[in-house]
Amino acid sequence: MGDVAMTVPVIRAFVQQNQGVKITVVSRPFFKPFFDDIPNVNFFAVDVKGRHKGTMGLFALYADLKKLKIDAVADLHNVLRSIVIRNLFALSGKKIAYTDKGRADKKALTRAENKIFAPVKPMIDRHVDTFKNLGFFVDVTNPVFPEKAQLSADIIRVSAEKEKQYWIGIAPFAQYDSKVYPLDLMQKVIDDLASNPHSKLFLFGGGKEETEKLNRLSQGKQHVIVVAGKLSFKQELDLISNLDVMLSMDSGNAHIAAMLGVKVVTLWGATHPYAGFKPFHQPFDNCLTADREKYPLLPTSVYGNKNVPGYEDAMRTIPVAKVVNRIQSQLTL
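From a predicted model like this one, the values you see are computed outputs, not experimental measurements.

The rules we used
Residues numbered from 1 in each chain as written. Predicted model: local features only at pLDDT ≥ 70, side-chain atom pairs only at ≥ 80, totals over all residues. Heavy atoms only, no water. Phe/Tyr/Trp six-rings, centres within 6.5 Å; stacked < 30°, edge-to-face > 60°. Helix = DSSP H or I, 4+ residues; strand = E, 2+ residues; numbered from the N terminus. Buried < 20%, exposed > 50% of the residue type's maximum accessible area, 1.4 Å probe, protein only. Polar contact = N/O pair within 3.5 Å; in protein donor to acceptor, adjacent residues only side chain to side chain. Contact = heavy atoms within 4.5 Å. Pairing = 2+ DSSP bridges. Axes fitted to C-alpha atoms, helices over the stretch in contact; angles between N-to-C directions. Parallel < 35°, antiparallel > 145°, perpendicular 65-115°, else oblique. Left-handed = near helix turned anticlockwise from the far one by under 90°. Nonpolar A, V, L, I, M, F, W, Y, C, P; charged D, E, K, R; others polar.

**Comments concerning the packing of aromatic side chains**
Point 1. The final tally for this structure, using the stated rule, is 15 aromatic pairs.
Point 2. Each ring, one from Tyr-295 and one from Tyr-311, has its centre 4.9 Å from the other, and the planes form 65°; the classification is edge-to-face. One end of the pair, Tyr-295, is in the loop between β10 (287-289) and α12 (320-329); the other, Tyr-311, is in the loop between β10 and α12, with 16 residues separating them in the sequence.
Point 3. By relative accessible area, which is 8% here, Tyr-295 ends up buried.
Point 4. Overall, the relative accessible area of 16% leaves Tyr-311 in the buried class.
Point 5. Aromatic ring contacts, followed pair by pair, group Phe-30, Phe-31, Phe-34, Phe-35, Phe-43 and Phe-233 into a single cluster.

**Considering the side chain of Asn-286**
Point 1. When you line up the elements, Asn-286 lands in the loop between β9 (263-268) and β10.
Point 2. A distance of 2.8 Å separates a polar atom in the side chain of Asn-286 from a polar atom in the side chain of Arg-326.
Point 3. Other than its neighbours up to four places away in sequence, Asn-286 contacts Val-264, Val-265, Thr-266, Arg-326 and Gln-330.

**Some details on helix α2 (residues 8-17)**
Point 1. Burial of α2 is extensive: eight of the 10 residues sit out of reach of the surface.
Point 2. Of the positions making up α2, those classed as buried are Val-8, Pro-9, Val-10, Ile-11, Arg-12, Ala-13, Phe-14 and Val-15.
Point 3. Looking at the packing, one finds that the buried side of α2 touches α1 (2-5), β1 (23-27), β2 (41-45), α6 (123-133) and α11 (252-259).

**Thoughts on the sheet that holds strand β7 (residues 224-226)**
Point 1. Strand order across the open sheet formed by six strands is β7-β6-β5-β8-β9-β10, with parallel pairing between neighbours. The outermost strands of the open sheet, each flanked by one partner alone, are β7 and β10. For this sheet, the mean inter-axis angle between neighbouring strands, taken without regard to orientation, is 20°.
Point 2. As defined by bridge partners, strand β5 (residues 166-171) adjoins strand β8 (residues 245-249) across four bridges and the pair is classed as parallel. Note on β8: the bridge partner recorded for Ile-168 is Val-245.
Point 3. Across the face of the sheet, α11 comes into contact with β5, β8 and β9 while running at roughly 155° to β8.

**Details of the packing of helix α10 (residues 233-241) against α11**
Point 1. For the pair α10 and α11, the least separation of the axes is 9 Å and the interaxial angle reads 60°. Between α10 and α11, the angle falls in the class oblique. You can see that α10 and α11 cross each other, and the crossing is right-handed. Only Asn-253, Ile-256 and Ala-257 of α11 make contact with α10, whose side of the interface consists of Phe-233, Leu-237 and Ile-240.
Point 2. Among the residues forming the contact of α10 with α11, the class breakdown is five nonpolar, one polar and no charged.

What follows is the structure, given as structure tokens:
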């Protein structure tokens, strides 16, 4: 999800700076709401469980896309499926370009021996390069973000109207445990933030297990609302666009908030913003990382999917007070 969200600011800038050029985004149907408000962008939903499933499905996908009379292909994913599609277009004479994910640089950053602890090129900039390789101008240094979404009656039934109060989103989960701030510490963060009567907290997650954990985190707190399971994905996006700040792990929610122009504070355990996944247009000071003096092998992986013995408590070195203070520093009415 985060990978797709990171393409949104680039595509938004592209259409603003290249008027008259139409983009067709090809992705899973779930991600369509990311692009709904961007003019000159059509969305083609890939049917990965039906018509476009498997090897023969790739040829069917190519045939379907050919009907759109595409002039050029920008492969922002650069995985086996997209490589096949772009090469089929190349064989038909279309211009192609693809995002170099910088795997060698990321490996040097995350390896245990001879680690090169230095920032690699951000993924956003890599996507910009892809469009430039097709001959287009794209500049994301002064982004224009969408207006805050109008909240529907269904959303307001969950959130209530926003008056003179801070709206803080908290997304405490991630795909891998090595990227999740310990829940006992997150409870203290929530308790501290919720003690301010001018703040309302919204907890985001998905699935039964996460929802149960969120309910425990919110228990007994009038101004802490569990969003999980109450709104559609599109409605969650609309709610996020109205937040004053989002607290997230290194996860998709950080990139969703960032693409909507919301301030984002992120917590990093086994991973690190140097790997190129710092949320778009956010200051580095908003990225709170685990203590590398105590855990010198950090970052141990790009995605958090590698467990290093003895590093299970790395995120405990991010103090609760530091998290709370950073969030509060982003709040303005």
